[in-house]
Amino acid sequence: MRNYNPTQRILVTGGAGFLGSHLIDRLLARGDDVVCADNLFTGTKRNVEHLLGHPRFEFIRHDVTFPLYLEVDQIYNLACPASPIHYQHDPVQTTKTSVHGAINMLGLAKRLRAKIFQASTSEVYGDPTVHPQTEAYWGNVNPIGIRSCYDEGKRCAETLFFDYYRQHKLDIRVARIFNTYGPRMHPNDGRVVSNFIMQALQGQDITLYGSGQQTRSFCYVDDLIEGFIRFMDLPRGADGAPGFPGPINLGNPVEFTIRQLAELVIALTGSSSKMVFMPLPADDPLQRQPDISRACAYLNDWQPQVQLQQGLVKTIAYFDQLLSSS
């Protein structure tokens, strides 16, 4: 397809979001043409406004629950609200975005015989009974809980991707993303890193849920995007068969308690904020830590490079500038 042009044309759905905008920056920097599709529900043009005059960048306002007809070589399907506040705002639409969005993007990839990447999530593991989580673990998910629209939507999307892989020999890549942070996070997404930083910068109480001893593993956005690109660039088999489909865990395996994160944010911001404790939300997982041995094996020894303190300094600077400008 499009053999007349050696430059790849790549579609990124959810491209105006936190992860999507960083991915687009990397793709453009290496010389690709990029089409960004986003309905701007949680994404924002602010994240891509520095690209609006770029000759190899195109923005389309589009909801992936409706079909999209383009000619591209690769598809990164990142479209879906990813924070509890946003995906619980309209849970039916969240499920539709994961499921109908996957169907529409897989249909496009099938027509074009394009390689397609699915941004899945560590939430497919639910509140895990296996620690750390390996890709072989099937998960412990409540199918009727308030988080199910996201958890089960992403699980169903994985099912669809692997059925297209088996039935239609589609070249898929499924990555399970663990907690990621960095500049361009939505300031009101309700996720723990952005919450703590915004509260600390404004001198508000730092809100912890439960005892603060639940754990998360925090991956800086640059490390995650490097994993995306290495995974997508894996070649097909020697006989032209689809390459390795995954799933692959992408995240930082270094585990921190939520209280440790709060203490670090307070120290780095120099805030006088105090920690206050609230009841733990329903179905909130108590542990989250990726086993990344599969990623290391397949992605040329991929490993997160940015330490939490280093990444938080950059993220705090972004939010500080955001508050100053507003």
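Provided above is the structure to which this section pertains.
Quick caveat: nothing in here was measured; it's all calculated off a predicted structure.

A. Broad picture of the side chain of Lys115. Looking at where Lys115 falls in the secondary structure, it is placed in strand β5 (residues 115-121). Within the buried core, Lys115 has no salt-bridge partner, and the shortest N-O distance to an opposite charge, that of Asp171, equals 4.5 Å. A polar contact is formed between the side chain of Lys115 and the backbone oxygen of Met232, at a distance of 2.7 Å. A polar side-chain atom of Lys115 sits 3.2 Å from the main-chain carbonyl oxygen of Leu234. Apart from residues no more than four positions distant in its own chain, Lys115 is found in contact with Asp73, Gln74, Ile75, Asp171, Arg173, Met232, Asp233 and Leu234.

B. Main features of the sheet that holds strand β1 (residues 9-13). Here we have seven strands laid out as an open sheet, ordered β3-β2-β1-β4-β5-β6-β11, and parallel in their pairing. Looking along the sheet, the strands with just one partner apiece sit at the ends: β3 (57-61) and β11 (248-250). In this sheet, neighbouring strand axes are inclined to one another by 20 degrees on average, regardless of whether the strands run parallel or antiparallel. Across three bridges, the pairing between strand β6 (residues 172-177) and β11 is parallel. What sits directly across from Ala175, in β11, is Ile248. Across the face of the sheet, helix α3 (residues 91-112) comes into contact with β1, β4 (74-77) and β5 while running at roughly 170 degrees to β4. With respect to the sheet, helix α4 (residues 148-168) is in contact with β5 and β6, its orientation differing from that of β5 by roughly 155 degrees.

C. Here's a closer look at the pattern of salt bridges. Applying the stated criterion across every chain, the model contains 17 salt bridges. A salt bridge links Arg147 to Glu123, with the shortest nitrogen-to-oxygen separation between them at 3.1 Å. Pair noted here: Arg147 is in the loop between β5 and α4 and Glu123 is in the loop between β5 and α4, with a separation of 24 residues, a long-range link. The residues Arg147 and Glu123 share a single accessibility class, namely buried. A salt bridge links Asp163 to Arg166, with the nearest nitrogen and oxygen atoms 2.9 Å apart. With Asp163 and Arg166 both in helix α4 and three residues apart, this pair spans about one turn of that helix.

D. Structural view of helix α1 (residues 18-29). The terminal C-alpha atoms of α1, which comprises twelve residues, lie 17 Å apart, in line with the 16 Å expected from a rise of 1.5 Å per residue. Taken across its twelve residues, α1 has nine buried, putting it largely inside the fold. Burial in α1 covers these residues: Phe18, Leu19, Gly20, Ser21, His22, Leu23, Ile24, Leu27 and Leu28. Two residues or fewer after α1 comes Gly31, characterised by a positive phi angle close to 105 degrees.

E. Up close: the environment of Asp25. Within the secondary structure, Asp25 is located in helix α1. Counting along the chain gives 276 residues from Asp25 to Asp301, while the straight-line C-alpha distance between them is 23 Å. The residues contacting Asp25, other than those within four sequence positions of it, are His50, Leu51 and Arg184.

F. Quick look at the side chain of His62. Relative to the helices and strands, His62 is located in the loop between β3 and β4. With relative accessibility at 15%, the residue His62 sits in the buried group. Among the polar contacts listed, one links the side chain of His62 to the backbone oxygen of Pro67, at a separation of 3.4 Å. The residues contacting His62, other than those within four sequence positions of it, are Ala37, Asp38, Asn39, Pro67 and Leu68.

G. Quick peek at unusual backbone geometry. The residue after His131, namely Pro132, is reached through a cis peptide bond having omega -10 degrees. Positionally, Pro132 belongs in the loop between β5 and α4. The phi dihedral of Arg113 is positive, around 55 degrees, even though this residue is not glycine. With respect to the element layout, Arg113 can be found in the loop between α3 and β5. Within the chain, Lys169 stands out as a residue other than glycine whose phi angle is a positive 55 degrees. Examined against the element boundaries, Lys169 turns out to sit in the loop between α4 and β6.

Cut-off values and rules
The residue numbering used here restarts from 1 in each chain and proceeds along that chain's sequence as written. Per-residue local features of the predicted model are confined to residues with pLDDT of at least 70, and side-chain atom pairs are confined, for both listing and counting, to 80 or more; whole-chain, interface and lining totals are unaffected and use all residues. Heavy atoms throughout the structure, all of them, feed into the side-chain values; hydrogens and water do not. Working definition: helices are DSSP H or I runs of at least four residues, strands are E runs of at least two. Numbering for both runs from the N terminus. Partly exposed residues are those whose accessible area sits between 20% and 50% of the maximum for their type, while under 20% is buried and over 50% is exposed, using a 1.4 Å probe and protein chains only. Positive charges are assigned to Lys and Arg, negative charges to Asp and Glu, while His and the chain termini are left out of the count. Should a side-chain nitrogen of Lys or Arg be within 4 Å of a carboxyl oxygen of Asp or Glu, the pair is scored as a salt bridge. For this analysis, a polar contact is any N or O atom pair within 3.5 Å, provided that within protein one partner can donate a hydrogen and the other can accept it, and provided that sequence-adjacent residues contribute only side-chain to side-chain pairs. Any pair of residues with heavy atoms lying within 4.5 Å of one another is described as a contacting pair. Following DSSP output, two strands are said to pair if at least two bridges run between them. Note on definitions: angles span 0 to 180 degrees between N-to-C directions of axes, and those axes are lines fitted to C-alpha atoms, for helices only across the stretch in contact. Here, expected helix span is obtained from the residue count minus one, scaled by 1.5 Å.

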